[in-house]
Amino acid sequence: MLTIGRLAATAGVTVRAVRHYHHIGLLPEPERDASGYRRYSAQAAVDLIRIKTLADAGVPLARVDALLHAEPAEFADAIADLDAELRRKIDRLTENRHRIAELTGGERLILPPGVVALLERMRGLGVSEQRVLLERDAWILMQALDPRAMPERLRDKNAAFDDPETLRVYLACDQAVGWDPRDPRLDRLIEDLDAWEIEHERDGGRPGYRELVVSRISEASPAWQRIVGELAHRARSRQCPSGSEPIR
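Reading guide: rules and limits
Residue positions within a chain follow its written sequence, with the count starting from 1. Owing to the predicted nature of the model, reporting of local features is limited to residues with pLDDT of at least 70; listing and counting of side-chain atom pairs is limited to 80 or more, with chain, interface and lining totals taken over all residues. By convention in this description, side-chain values take in all heavy atoms of the structure and omit both hydrogens and water. Runs of H or I in DSSP of at least four residues are treated as helices and runs of E of at least two as strands, each being numbered from the N terminus. A 1.4 Å probe rolled over the protein chains alone gives each residue an accessible area, and that area as a share of the maximum for its type sets the label: buried under 20%, exposed over 50%, partly exposed in between. In what follows, a contact means two residues having at least one pair of non-hydrogen atoms within 4.5 Å. Nonpolar core, defined: a set of buried Ala, Val, Leu, Ile, Met, Phe, Trp, Tyr and Cys residues in which side-chain atoms within 4.5 Å join the residues together. The directions considered for the arc run from the helix axis to the C-beta atoms. Pairing of aromatic side chains here covers Phe, Tyr and the six-membered ring of Trp, requires ring centres within 6.5 Å, and sorts the geometry by plane angle: under 30 degrees stacked, over 60 edge-to-face, intermediate tilted. Throughout this description, the term charge over a ring refers to an Arg CZ or Lys NZ atom that lies within 6 Å of the ring centre and within 35 degrees of the ring normal. As used in this structure description, the phrase polar contact means that two N or O atoms lie within 3.5 Å; if the pair is within protein, one of them must be able to donate a hydrogen and the other to accept it, and residues adjacent in sequence are counted only when both atoms belong to side chains. The salt bridge criterion pairs a side-chain nitrogen of Lys or Arg with a carboxyl oxygen of Asp or Glu, the two atoms within 4 Å.

**Q** For the overall build of the protein chain, give the residues involved together with the corresponding values.
**A** The helix and strand inventory of the protein chain stands at 12 helices and zero strands. Starting at the N terminus and walking to the C terminus, you meet the elements of the protein chain as α-α-α-α-α-α-α-α-α-α-α-α. For the protein chain, buried positions account for 29% of its 248 residues. A fraction of 57% describes how many contacts in the protein chain between residues 6 or more apart in sequence connect residues 24 or more apart.

**Q** Help me get a handle on the nonpolar core, residues and values and all.
**A** Judged by nonpolar contacts, the single largest core of 23 residues is most densely connected at L7, V18 and L48. Among the elements that line this core, the one with the most residues is helix α3 (residues 42-56), at five residues. Those residues in contact with L48 that sit more than four places away from it in its chain are L7, A8, A11, V13, V18, Y21 and L27. Core analysis: the second largest hydrophobic core is formed by 15 residues, L118, L119, M142 and M150 among them.

**Q** Before we move on, can you summarise helix α2 (residues 15-23) with the specific residues and values?
**A** One turn of an α-helix holds 3.6 residues; hence residues three or four places apart share an orientation. Residues of α2 that are buried include every one of A17, V18, Y21 and H22, and no others. End-on view of α2: buried residues confined to an arc of 145°, all on one side of the axis. Exposed side of α2, more than 90 degrees from the buried face: R16 and H23 are the residues found there. Elements in contact with the buried residues of α2: α1 (4-11), α3 and α4 (61-68). Directly after α2, the chain includes G25, whose backbone phi takes a positive value near 85°.

**Q** Run through the packing of aromatic side chains, naming residues and quoting values.
**A** Applying the stated criterion to the full structure yields one aromatic pair. We note R131 situated over the ring of W224; from NZ or CZ to the ring centre the distance is 5.8 Å. Above the plane of the ring of W179 lies R185, whose end atom (NZ or CZ) is 3.9 Å from the centre.

**Q** Tell me about the side chain of R38, residues and numbers included.
**A** In this structure, R38 sits in the loop between α2 and α3. A distance of 2.3 Å separates the side chain of R38 from the side chain of E29, its partner in a polar contact. In this structure, R38 is in contact with L2, T3, I4, E29, P30, E31 and R32, ignoring residues within four places of it in sequence.

**Q** Quick rundown of the pattern of salt bridges? Include the residues and the values.
**A** In this structure the tally under the stated criterion is 22 salt bridges. As a salt-bridge pair, D83 and R87 come within 3.2 Å of each other at their nearest N and O atoms. Separated by four residues within a single helix, D83 and R87 lie in helix α5 (residues 72-102), roughly one turn from each other. Taking the relative accessible area as the measure of exposure, D83 reaches 37% and is therefore partly exposed.

**Q** Any details on the environment of L2? Residues and values, ideally.
**A** Structurally, L2 can be placed in the segment before α1. Look at L2 and you get buried, because its relative accessible area is 16%. A C-alpha to C-alpha distance of 7.8 Å links L2 and A42, two positions 40 residues apart in sequence. Apart from the residues within four sequence positions on either side, L2 is in contact with L7, T10, R38, R39, Y40, S41 and A45.

Without other data, these values stay purely geometric and don't point to any function.
Printed below as a string of structure tokens:
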């Protein structure tokens, strides 16, 4: 007869595991002897070894009891089902690994190749990583809200970076991210940006998209918040000249 400690050692498990198997009904709990100790038979050791073997093979404990008492044919069918289930899990995990590997590409997981190429071009032009990430977020929003506008917007964006004056203004705005919103240099920058807006005035896309993008940019910098607010005010003033009533 074996003590619980000897039983556990024989099967290569802990005493705590044996007690857990008692608790869930996998291993019958023997009566205590006259001294108050549990004594286990050789059959208990065999059963415990079988339980551990099945558990180590990945069989859920909830299914171990049925396998312990199954006929050979039933056991074979149950193992086949478990194997098929494991294969499905492996397929899912393999797919998850592929997607995790794609995450190293960052933008490539979410955005089309043309947009990814644009973001890389911006990095090559010296645009800060913070501004590149804001640009990425803007494209993510556009893809969700106005995907049909993306090809035209992508052409316009690349054409804008081909223009030296547009690139100059863009980089100047990028450099202003850390400026105090009261910095007098912002006045000149706002004038440059407003002049550019007038020269290149175009449809800003769906209102919801534009508002989200503006909000996202404003969150990044108090200086940019001032720039965005001032440009928006000037644009409204042009649409509604002084002395006229706004269209409601």
